[in-house]
Amino acid sequence: MSGSYNSFSVAQQQIREAAAILGLDDAATQLLLWPQREFQFTMPVRMDNGQVKVFHGYRIQYNSARGPAKGGIRFHPGETVDTIRALACWMACKTAVLDLPLGGGKGGVICDPKTMSAREIESLARAYIRAAAPYLGHDKDIPAPDMYTNPQIMAWMMDEYETITQGHHPGVLTDKPTQMGGSEGRRDATARGGVIVVREACKWLGVDPTGTFAIQGFGNAGQRVSLLHSRILGGGKLVAACDSRGGILNPDGLNPKELVTYKLKKGTVSGFPGSQSIPRDSVLEMDVDVLYPAAMENAITEDNAPNIRAKIVCELANGPTSPEADAILQKRGIHVIPDLLASAGGVTVSYFEMVQNSNSFFWDEKTVNGLLDEKITKAYRTLQEAIREKMVHPRLAATLVGVARMAEACSLRGWV
Ligand code: GLU
């Protein structure tokens, strides 16, 4: 979102490259280069000071050939239509890489939730659903949380949707509270999926899975990965972490449980007892076995890619590495597990949540985690095959798998 960087140009460049390698014709390529549907909403909301503020938001449905659109809604001050287009495109590729019967979508509202009261956020969430309701549904488009949105916001959104439609529709969005039809294991799912691919990558590369790791971004995914990494891999030491307010380091290890409690209480990791304060962005350059970028797009760029020292970069964020940085990391032999797979645990369990909602029958956490492990591991194997077969780097391999599956569905439908 900074400078001249445009996420959608990056996403289109990735699609174009994959389409050329796959030999797609011009019509198929053009279809996959653009979202199928875009909605823009202007929403008046009464604020706590009694005045009405007008917010702008979007919902973009990228490609529905493989199933209904699926993807989160962000509340973020830096949101743009192009960011949402890119994120919707990556969701469409992500669901295809995981072979879920879904398309891709994304939504966003330009707002700064950090400066808003809970009541103002609730009013905005309800206004968004009043605007978007005609275009949502378990068979059309199913939102979920994303940056600065959460299960409470999903609960308000579902309530608004059900008030409008006068019926129960738990499958209209996912990552709800479990009392309202949410799935066990959904809150941990993005982080769990990331650690599972790290486990598989360590096996493949012969890297010790119990070494050191660092986390850039300490929101939901970052916090959960700090707790799950050692649990799933049987060891591992968190040495550095950061959030938007600063970075911290402790070469002897930061206690993840205490750090999460501290972050939830203070709103930042900065000042965590026993840690040394470091510049936020230097967390990306730590000498660790595994680096988890878990914040936003364009974090690893051509400027800092030469300084990345991790053996494995596991992209929990969407689009954290620029194409120029990708080339540098590849040349330097750093194994990047692309977001299309590394961050796909969340949408995979969202899909499980939809299945449970449509049957009104719920699984325990062990079952959900087991199914997630199977799906992610299988997708990692498919990715490895594509890397070997096409002799390309992991991100291009993942894009090739996703684009090929989308293109096939478009062709089977007779669209192109
Ligand atoms: N927002 C998450 C993502 O970017 C989850 C989407 C979903 O569950 O639909 O993958």
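Everything here concerns the structure above.
Worth saying up front: this structure is predicted, and the values here are computed from it rather than measured. Within each chain, residues carry numbers counting from 1 in the order of the written sequence. A pLDDT threshold of at least 70 governs which residues receive local features in this predicted model, and a stricter bar of 80 or more applies before side-chain atom pairs are shown or counted, although totals over entire chains, interfaces and linings include all residues. The side-chain quantities take in all heavy atoms of the structure and omit both hydrogens and water.

Undergrad: Hey, could you run me through the environment of Tyr135 in this one?
TA: Under the scheme used here, helices are H or I runs from DSSP no shorter than 4 residues and strands are E runs no shorter than 2 residues, and both carry numbers assigned from the N terminus. Looking at the secondary structure, you find Tyr135 in the loop between α4 (118-132) and β5 (141-145). In this structure, the C-alpha to C-alpha distance between Tyr135 and Gln61, residues 74 residues apart in sequence, is 9.5 Å. Apart from residues lying up to four places away in sequence, Tyr135 is in contact with Phe39, Phe41, Gln61, Lys140 and Asp141. Residues count as neighbours in contact if any of their non-hydrogen atoms are within 4.5 Å of one another.

Undergrad: Would you mind showing me how to read empty space enclosed by the protein here?
TA: Rolled over the atoms, a probe sized like a water molecule indicates the empty space that remains. Lining residues are defined by having an atom within 4 Å of a point belonging to a cavity or pocket. Those points lie on a 1 Å grid over the protein atoms alone, cavities being sets where a 1.4 Å probe fits but cannot get out and pockets being open sets with protein on both sides within 12 Å along at least five of seven lines. Grid points are joined across faces, edges and corners, and a volume is the space filled by probe spheres set on the points. One pass over the structure, following the stated rule, counts one cavity of 30 Å³ or more. Taken as a whole, the largest cavity spans an internal volume of roughly 60 Å³. Looking at the largest cavity, the residues that line it are Tyr5, Val10, Gln14, Trp90, Gly319, Thr321, Asp339, Leu340, Arg395 and Thr399. Residues were grouped as follows: Ala, Val, Leu, Ile, Met, Phe, Trp, Tyr, Cys and Pro as nonpolar; Asp, Glu, Lys and Arg as charged; and all remaining residues, including Gly, as polar. Of the residues contributing to the lining of the largest cavity, the split by class is four nonpolar, four polar and two charged.

Undergrad: Honestly, the site of the ligand in this entry has me stumped. Any pointers?
TA: Near, as used in this document, describes a residue that has one of its heavy atoms within 4 Å of the molecule or strand being considered. Surveying the vicinity of the ligand reveals 14 residues, the closest of which are Lys70, Lys94, Lys106, Asp146 and Ser350. For the purposes of these results, a polar contact is taken to be a pair of N or O atoms within 3.5 Å, where, inside protein, one atom must be able to donate a hydrogen and its partner to accept one; residues adjacent in sequence count only when each atom of the pair is a side-chain atom. A distance of 2.7 Å separates an oxygen atom of the ligand from a polar side-chain atom of Lys70. One nitrogen or oxygen atom from the side chain of Ser350 is found 2.5 Å from an oxygen atom belonging to the ligand. In isolation the ligand has 300 Å² of accessible area, and contact with the protein removes 94% of it. Elements that contribute at least two residues to the shell around the ligand include exactly β3 (69-76), α3 (81-97), β5 and α11 (345-359). Each accessible area is a Shrake-Rupley estimate made with a 1.4 Å probe; only the visible protein chains count as cover when residues are assessed.

Undergrad: I would appreciate a short explanation of the layout of surface pockets in the present structure.
TA: Of the voids in this model, the second largest pocket is the one considered here, and its volume is about 220 Å³. Lining the second largest pocket we find Pro68, Pro101, Leu102, His138, Pro170, Gly171, Tyr351, Met354, Val355, Asn357, Ser358 and Ser360. Taken together, the residues of the lining of the second largest pocket break down into seven nonpolar, five polar and no charged.

Undergrad: I'm lost on the packing of α3 against helix α13 (residues 394-412) in this one. Help?
TA: The packing of two helices is summarised by the inter-axis angle and the distance between the axes. In this analysis an axis means a line fitted to C-alpha atoms, helices contributing only their contacting stretch, and an angle means the value between N-to-C directions, from 0 to 180 degrees. Relative orientation of the contacting elements α3 and α13 amounts to 90°, with a least axis distance of 8 Å. Relative to α13, the element α3 is oriented roughly perpendicular. Every residue of α13 that contacts α3 at Ala92, Cys93, Ala96 and Val97 is listed here: Ala398, Val401, Gly402, Val403, Arg405 and Met406. Counted by class, the contact of α3 with α13 contains eight nonpolar, one polar and one charged residues. Should an angle fall under 35 degrees it is called roughly parallel, over 145 degrees roughly antiparallel, and 65 to 115 degrees roughly perpendicular, with every other angle called oblique.

Undergrad: Would you mind showing me how to read the sheet that holds strand β8 (residues 246-249) here?
TA: An order of β9-β8-β7-β6-β10-β11-β12 is seen for the seven strands of this open sheet, with the pairing classed as mixed. A strand with exactly one partner marks an edge of an open sheet, and here the two such strands are β9 (276-278) and β12 (335-337). Sheet twist, expressed as the average angle between the axes of neighbouring strands with direction ignored, equals 20°. Two strands pair under a simple rule: DSSP has to find at least two bridges between them.

Undergrad: Help me understand α11 in this model?
TA: Three or four residues apart is the spacing at which side chains of an α-helix point the same way, because the helix has 3.6 residues per turn. For a helix, the expected span equals 1.5 Å multiplied by the residue count minus one. Helix length check: α11, at 15 residues, gives a terminal C-alpha distance of 21 Å against a target of 21 Å (1.5 Å per residue), a fit within 8%. The element α11 is largely enclosed, with a buried count of 11 among its 15 residues. Residue burial is assigned from relative accessible area. The probe radius is 1.4 Å, only protein chains are included, and a residue is buried under 20% of its type maximum, exposed over 50%, and partly exposed in between. By the burial criterion, the buried members of α11 are Gly345, Gly346, Val347, Thr348, Val349, Ser350, Phe352, Glu353, Met354, Gln356 and Asn357. The secondary structure elements touched by the buried residues of α11 are β3, α3, β5, α6 (186-205) and α12 (365-390). Immediately downstream of α11, the backbone of Ser360 shows phi near 50°, a positive value.

Undergrad: What is the right way to read α4 from this model?
TA: Look at α4: 21 Å from first C-alpha to last across 15 residues, which is about the 21 Å you get at 1.5 Å a residue. Those residues of α4 lying buried are Glu120, Ile121, Leu124, Ala125, Arg126, Ala127, Tyr128, Ile129 and Ala132. Contacts from the buried residues of α4 go to β1 (37-46), β2 (52-63), β3, β4 (104-110) and α5 (151-165).

Undergrad: Mind showing me how you'd approach the pairing of strand β6 (residues 212-216) here?
TA: On any regular strand, side chains alternate: one points to one face of the sheet, the next to the other face. Burial of β6 is extensive: four of the five residues sit out of reach of the surface. Pairing geometry for β6 and strand β7 (residues 237-243), over five bridges, is parallel. Each bridged residue has a counterpart across the sheet, and for Gln216 the counterpart in β7 is Cys242. Throughout, right-handed denotes a crossover for which the path from the first strand over the helix to the second runs clockwise when the strands point away from the viewer. Crossover β6 to β7 through helix α7 (residues 220-233) is right-handed. Bridge analysis of β6 against strand β10 (residues 290-293) gives four bridges, and the strand direction is parallel. For Gln216, the partnering residue across the bridge sits in β10 and is Pro293.

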